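A closer look at the structure
Each chain is listed here by its residues.
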Amino acid sequence: MCGIVGIVGTSEVAAQLYDGLTVLQHRGQDAAGIATADRHKLRVHKGNGLVRDVFDEESMRLLEGKVGIAHCRYPTAGSEGEDESQPFYVNSPYGIALAHNGNLVNTDALRREVFEQDRRNVNTESDSEVLLNVFAHELDTQKALTPQAVFKAVEGVNRRAKGGYAVVCSVLGLGLVAFRDPHGIRPLVLGKRTSPTGDEYCVASESVALDVLGFERLRDIAPGEAVVITARGELHAQQTAPAELTPCIFEYVYFARPDSMIDDISVHKARMRMGVTLGEKILRLRPDHDIDVVIPIPDTSRDSALEIANVLNVKYREGFIKNRYVGRTFIMPGQGERAKSVKRKLNPIPLEFRGRNVLLVDDSIVRGTTSRQIVQMARDAGAKKVYLASAAPPVRYPNVYGIDMPSSEELIAHGRTESEIEQMLGCDWLIYQDLADLESAVAGPKHPGRKFDSSCFSGEYVTGIDPDYFERIRQMRSDDAKKKRRVAS
Ligand SMILES: O=P(O)(O)OC[C@H]1O[C@H](OP(=O)(O)OP(=O)(O)O)[C@H](O)[C@@H]1O
Ligand SMILES: NC(=O)CC[C@H](N)C(=O)O
Ligand SMILES: [Mg+2]
């Protein structure tokens, strides 16, 4: 789940892109990059690591230009190698840099098509580089470099690429281009700022980037919409494909920051509502429950856990302290690293557990890495009974649109009943949110009936998927496959 930002400013943009990336760091911790454009040149600096590690004073100084894009990466395709960090660049036509959040599900066919029909070679295993070459080819077939020509090119991309994609591009001689797939699976929001020298625009994965950079949130980019902001600050927008909004529900469950608005829904409020519906379910199933205290598994579950405690009318306590210097464990590339990180990251305060029946709350249980260890930690800290609530339903199916859970065997809930999972996690009671409750909680009162991509819970994929696709990505991207790749390199 990468983070992307693009800015058209009236002054230099590199430092602002850097600041934007730092607040999107939770979306990708593996690599980062910035590309800026002045009138004649595109400059790119990128590499593996956190944003603060990839850039130094010297590299920032070289990133000149008033138009630019930036990316932080959490790989879902190809390898974790430096050459697959983003933005990607092609020199023809015009010079284009592209940053992509999402994942294509027809990359192999597209790669062949790009080579055989468009006569372009893609030198990495990245789906994003394939996407860039499709866009470049489609733009190359247009006569001039105008917003209309870009819209035609994006129409071509929409026709050919299948999957989740939120994209920002910098096109030399024109400005910034941004577009979102026809289902709007991945988020993209547009903001504006007025400076004494003219209008400035920013496009970002999450509105938190607009907030910190002082842009006003204008609106979300619509599914199947493309936006061109010329280097002079003129905004053009057009629908480039028939569309139906079904944003990824996992953004609200886990990925996004709570202080972001995504598709006009506050992530914070969505998580609070998830807590209310789950609390109500607990009361329905066990009106005479014996829960003494609700304890969140930090960070992401906090908003939901607090509301569960309110609904149950029991105490809410911070019983685990998070080491703020350890990153998010779920988005780490290998299982060994994830498992070790839970211990390094979370430590219990025993007096909150001793002799109590505790309800631990997590936003989601994916591989079960976190919950298995946490349940044991709660017992070791002296809890009498350990109950576990998940603000999301069981994750039973792979995610193919930009979240790296490609192999169903790695998912603890795949092919298992809730009581089997309860046993594996070692808790006294496991309770999951129902999918219908999750969807209505996220939609909230402002967007009742909103549809979502909930494929990792339901197994229904909004773009349709080739039947052999799952086996192919399992071979490429399971934890085993990644381990083998690391050993070989
Ligand atoms: O079942 P698992 O495979 O362990 O995955 C789920 C866990 O991973 C995430 O936490 P993470 O540490 O990534 O981030 P957070 O601090 O934002 O909660 C998520 O919030 C769950 O706690
Ligand atoms: N998480 C993402 O959005 C990943 C983008 C792209 N598929 C990559 O692997 O680099
Ligand atoms: Mg967590």
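What you see is a predicted model; the values in this text were computed from it and never measured.

**Considering the site of ligand 2**
- The environment of ligand 2 is made up of 15 residues, and the closest members are Met1, Cys2, Arg73, Gly102 and Asp127.
- Contact between ligand 2 and cysteine 2: an oxygen atom at 3.1 Å from a main-chain N or O atom of the residue.
- In this structure, alanine 77 approaches ligand 2 through a main-chain N or O atom, which is 3.2 Å from an oxygen atom.
- A total of 300 Å² of accessible area belongs to ligand 2 in isolation, and the protein chains cover 100% of it.

**A closer look at the UniProt feature "domain: Glutamine amidotransferase type-2" (unreviewed entry) in the chain**
- Following the UniProt record, the feature "domain: Glutamine amidotransferase type-2" (unreviewed entry) maps to residues 2-232 here.
- Measuring from the first to the last C-alpha atom of residues 2-232 gives 28 Å, for a span that is 28% helix and 34% strand.

**With respect to the nonpolar core**
- Membership of the largest hydrophobic core comes to 38 residues, with the highest contact counts inside it found for Phe250, Tyr252, Ile403, Met405 and Val442.
- For this core, the secondary-structure elements that each account for two or more residues are α8 (250-255), α9 (267-285), α14 (435-443), α15 (455-458) and α16 (469-477).
- One finds Leu98, Val134, Tyr165 and Phe179 within the second-largest nonpolar core, a separate group that totals 30 residues.

**Comments concerning the packing of α9 against helix α10 (residues 302-312)**
- In contact at an axis separation of 7 Å, α9 and α10 are set at 40° when each is read in the N-to-C sense. When the axis of α9 is compared with that of α10, the two are oblique. At the point where α9 passes α10, the crossing takes the right-handed sense. For the pair α9 and α10, the contacting residues are His268, Arg271, Met272, Met274, Gly275, Val276, Leu278, Gly279, Glu280, Ile282 and Leu283 in the first and Asp303, Ser304, Glu307, Ile308, Val311 and Leu312 in the second.
- Tallied by class, the residues present in the contact of α9 with α10 amount to nine nonpolar, four polar and four charged.

**Thoughts on the site of ligand 1**
- If you check the shell around ligand 1, you find 18 residues, and the closest are Tyr254, Thr300, Lys345, Asp363 and Thr370.
- The backbone of aspartate 299 places a nitrogen or oxygen atom 3.2 Å from an oxygen atom of ligand 1.
- Between ligand 1 and arginine 367, the relevant distance is 2.8 Å, taken from an oxygen atom to a main-chain nitrogen or oxygen of the residue.
- Taken by itself ligand 1 offers 500 Å² of open surface, and the protein chains cover 97% of this.
- Among the detected pockets, ligand 1 sits in the largest pocket.
- Per-class residue counts for the shell around ligand 1 are five nonpolar, six polar and seven charged.

**Focus on the sheet that holds strand β16 (residues 293-296)**
- Pairing within the open sheet is parallel, and its five strands lie in the order β17-β16-β20-β21-β22. The sheet terminates laterally at β17 (315-316) and β22 (429-432), the two strands that pair on one side only.
- Where β16 meets β17, two bridges bridge the pair, whose relative direction is parallel. In the strand pairing of β17, valine 294 is matched with tyrosine 316.
- On top of the sheet, α9 reaches β20 (357-362), β21 (385-390) and β22; it is set at about 130° to β22, its chief contact.

**Some details on the pattern of salt bridges**
- A full pass over the atoms with the stated rule returns 33 salt bridges.
- Note that arginine 160 is salt-bridged to glutamate 113, the shortest N-O span being 2.8 Å. Here the residue arginine 160 occupies a position in helix α6 (residues 147-160), and glutamate 113 occupies one in helix α4 (residues 107-116), the gap between them amounting to 47 residues.
- One salt bridge connects arginine 302 with aspartate 299, and the closest N-O pair in it is separated by 2.6 Å.
- Here the salt bridges share partners, and the residues they tie into one network are Glu113, Asp118, Glu138, Arg159 and Arg160.

**With respect to the sheet that holds strand β11 (residues 216-220)**
- Spatially, the seven strands line up as an open sheet ordered β3-β2-β4-β1-β10-β9-β11, and their pairing is antiparallel. Strands with a single pairing partner mark the edges of an open sheet, and in this sheet they are β3 (42-48) and β11. For this sheet, the mean angle separating the axes of adjacent strands, direction not counted, is 15°.
- Lying over the sheet, helix α1 (residues 14-22) contacts β1 (3-8), β2 (31-37), β4 (67-73) and β9 (189-195), oriented at roughly 155° with respect to β2.

**Comments concerning the pairing of strand β7 (residues 163-171)**
- Here β7 lies mainly inside the structure; nine of its nine residues are buried.
- In terms of strand pairing, strand β6 (residues 96-104) meets β7 through nine bridges, oriented antiparallel. Paired with isoleucine 96 across the strands is valine 171, a residue of β7.
- Pairing analysis gives six bridges linking β7 to strand β8 (residues 175-180), with the strands arranged antiparallel. Residue pairing for β8: valine 171 is matched across the bridge by glycine 175.
- In this structure, the hairpin formed by β7 and β8 is closed by a connection of three residues, where glycine 173 is found at a positive phi of approximately 90°.

**Observations concerning helix α5 (residues 127-140)**
- Over its 14 residues, α5 runs 20 Å from end to end, which matches the ideal 20 Å to within 8%, given 1.5 Å per residue.
- Burial within α5 is extensive, with 13 of its 14 residues counted as buried.
- Its side-chain oxygen 3.0 Å from the backbone nitrogen of serine 128, serine 126 forms the N-cap of α5.

Cut-offs used in this document
- Residues numbered from 1 in each chain as written.
- Chains lettered and ligands numbered in written order.
- Predicted model: local features only at pLDDT ≥ 70, side-chain atom pairs only at ≥ 80, totals over all residues.
- Heavy atoms only, no water.
- Near = heavy atom within 4 Å.
- Polar contact = N/O pair within 3.5 Å; in protein donor to acceptor, adjacent residues only side chain to side chain.
- Areas by Shrake-Rupley, 256 points an atom, 1.4 Å probe, with all protein chains shown as cover.
- UniProt positions renumbered as here; feature names shortened; annotations may be inferred.
- Helix = DSSP H or I, 4+ residues; strand = E, 2+ residues; numbered from the N terminus.
- Core = buried A, V, L, I, M, F, W, Y, C linked by side-chain atoms within 4.5 Å.
- Buried < 20%, exposed > 50% of the residue type's maximum accessible area, 1.4 Å probe, protein only.
- Axes fitted to C-alpha atoms, helices over the stretch in contact; angles between N-to-C directions.
- Parallel < 35°, antiparallel > 145°, perpendicular 65-115°, else oblique.
- Left-handed = near helix turned anticlockwise from the far one by under 90°.
- Contact = heavy atoms within 4.5 Å.
- Nonpolar A, V, L, I, M, F, W, Y, C, P; charged D, E, K, R; others polar.
- 1 Å grid on protein atoms, 1.4 Å probe; cavity = no way out; pocket = protein on both sides within 12 Å on 5 of 7 lines; lining within 4 Å.
- Sits in = over half its atoms within 2 Å of the grid points.
- Pairing = 2+ DSSP bridges.
- Salt bridge = Lys/Arg side-chain N within 4 Å of Asp/Glu carboxyl O.
- Expected span 1.5 Å × (residues − 1).

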